[in-house]
Amino acid sequence: MEDMTNPTGPRLPSRRDFLALGAGAFVVATVPLARSRRSRRLVRRQVPMMGTIADVAVVHSDPRYAQGAIDAALSELALVERTMSRFRDDSDVGRANLVAASAPVDVTEGTAIVLTEALRWADLSDGAFDPCLARAVALWDVGSRTVPPPEAAYTLYAGRGLHRALELDRSGGHTRVLFHEADIGIDLGGIAKGYGVDRAVEALRSWGIHDALVNVGGDLHVLGVSEDGDAWKVGVRSPTNPSGLTTTVRLTDRAVATSGDYERFFDRDGRRFHHILDPATGEPRRSANHSVTVVADTCMTADAAATTVFGSPRPRAVALLAKAAPHTELLHLT
Ligand code: AMP
Ligand code: MG
């Protein structure tokens, strides 16, 4: 049904549109079956994961072997979800959020890697990326709310550089997390999905797979080439028309991530309240754009980069990417 309040513009997508089609980047199917060589088959599986759909595809001559490799890739994604979700009290992040303000909490090596990279982005972006916003993110709860929380509630978190209160203690061969402020909480929602995608790709590599793709809700990493022997064709979905593409690009051994204001949000009084917060104000970040897509060597880098630069004008975004992650490019700003 068309949006009657906006008869001239495109219909604004509903949350359901994006759940059905997935947001951000995806691989555009290109190969007519007759053209694909029979020795190179695409074996593909899609399963619910990390609050979205994980899509793993492997090009291989033996479908049973390919399915084994896909099992291994999905296990890595499940492990990252189990250890880094803030919605589980038994994950590394859940345990830290319950205890780390009073006692150090041991975390697994993967969580330590992601926290270290998250703090690097926090430093380089002067706190625009902040992995310690869990309480503010929970307060805004943009997936359920229809009105903003009281100003006094979210300004509690504003302008404090919360990431500086997170200590990673690496003495003794493992990593312990400690909070130096009582009201911080870890939220790796802006970076952990990308790390999971990279681990899934590593699992495929360790199975000897050369050509594959892993896509979790638009954060994707492509390995080698598609079943037709050409580089993977990756499309970026339009934020205003879920069935339209804003751009396509051919990629090999690269990762893509998109951040936008159209996946989780509510609209109120002409303003969009979305899920990426500005730590300076404690509110959703003001942005002239609806989405940003970043291409990088790893999906963790692309994921962190897209969350960090969402809302920045192009020159500022490009300058930050050059400083933080060489070989990373701004593919699209809509
Ligand atoms: P993404 O979709 O990768 O851009 O990540 C958005 C998610 O990152 C949000 O749902 C929050 O969990 C978290 N987040 C929100 N604001 C920030 C921020 N300023 N820095 C880091 N993570 C954030
Ligand atoms: Mg991100």
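Residues numbered from 1 in each chain as written. Chains lettered and ligands numbered in written order. Predicted model: local features only at pLDDT ≥ 70, side-chain atom pairs only at ≥ 80, totals over all residues. Heavy atoms only, no water.

Caption draft 1: Fine view of the site of ligand 1. Contacts to ligand 1 come from 16 residues, most closely from Asp130, Asp187, Ser259, Leu277 and Thr307. Contact distances for ligand 1 include 2.9 Å between an oxygen atom and a side-chain N or O atom of aspartate 303. Protein chains bury 96% of the 500 Å² of accessible surface belonging to ligand 1 in isolation. (Near = heavy atom within 4 Å. Polar contact = N/O pair within 3.5 Å; in protein donor to acceptor, adjacent residues only side chain to side chain. Areas by Shrake-Rupley, 256 points an atom, 1.4 Å probe, with all protein chains shown as cover.)

Caption draft 2: The nonpolar core, seen in detail. Core analysis: the largest hydrophobic core is formed by 75 residues, its most contacted members being Leu77, Leu166, Val177, Ile186, Leu188, Leu204 and Val214. For this core, the element with the most residues is helix H2 (residues 63-84), which contributes eight residues. Setting aside anything within four residues of it in sequence, one finds valine 214 in contact with Asp55, Val56, Leu77, Val197, Ala200, Val201, Leu204, Asp219, Leu220 and His221. If you look at the next biggest cluster of nonpolar residues, it comprises 14 residues, including Ala25, Leu213, Trp232 and Leu331. (Core = buried A, V, L, I, M, F, W, Y, C linked by side-chain atoms within 4.5 Å. Buried < 20%, exposed > 50% of the residue type's maximum accessible area, 1.4 Å probe, protein only. Helix = DSSP H or I, 4+ residues; strand = E, 2+ residues; numbered from the N terminus. Contact = heavy atoms within 4.5 Å.)

Caption draft 3: Expanded view of the confidence of the model for the protein chain. Summary statistics for the protein chain give a mean pLDDT of 90 and a share of 90% for residues scoring 70 or more. Throughout residues 1-11 the model reports pLDDT below 50, and contacts reaching past four residues in sequence, or to other chains, amount to six contacts. Note that residues 16-21 has pLDDT below 50 and, in this model, twelve contacts with residues that lie over four places away or in other chains. (pLDDT = per-residue confidence, 0-100.)

Caption draft 4: Local environment of the coordination of the magnesium ion (ligand 2). The protein atoms that coordinate the magnesium ion (ligand 2) are Gly190 (O), Asp303 (O), Asp303 (OD) and Thr307 (OG1), at distances spanning 1.9 to 2.4 Å. Counting gaps between the donor residues of the magnesium ion (ligand 2) yields the pattern G-x112-D-x3-T. Taken as a pair, glycine 190 in the loop between strand S6 (175-179) and helix H7 (192-206) and threonine 307 in helix H8 (residues 299-309) lie far apart in primary sequence, 117 residues in all. For threonine 307, a relative accessible area of 13% puts it in the buried group. (Donors = N, O, S within 2.8 Å, 3.2 Å for Na, K, Ca; no water.)

Caption draft 5: Structural view of the environment of valine 56. Relative to the helices and strands, valine 56 resides in strand S3 (residues 52-60). For the pair formed by valine 56 and valine 177, sequence separation is 121 residues and the distance between their alpha carbons is 32 Å. Apart from residues no more than four positions distant in its own chain, valine 56 is found in contact with Val43, Arg44, Arg45, Ile70, Ala73, Leu74, Leu204, Leu213 and Val214.

Caption draft 6: Quick look at the sheet that holds strand S1 (residues 25-27). Read across the open sheet, the three strands follow the order S1-S9-S10; overall the sheet is antiparallel. Two strands in the sheet have a free side with no partner beyond their single neighbour: S1 and strand S10 (245-251). Strand-to-strand, the axes of this sheet are offset by a mean angle of 30 degrees, without reference to chain direction. The pairing of S1 with strand S9 (residues 232-237) spans three bridges and is antiparallel. (Pairing = 2+ DSSP bridges. Axes fitted to C-alpha atoms, helices over the stretch in contact; angles between N-to-C directions.)

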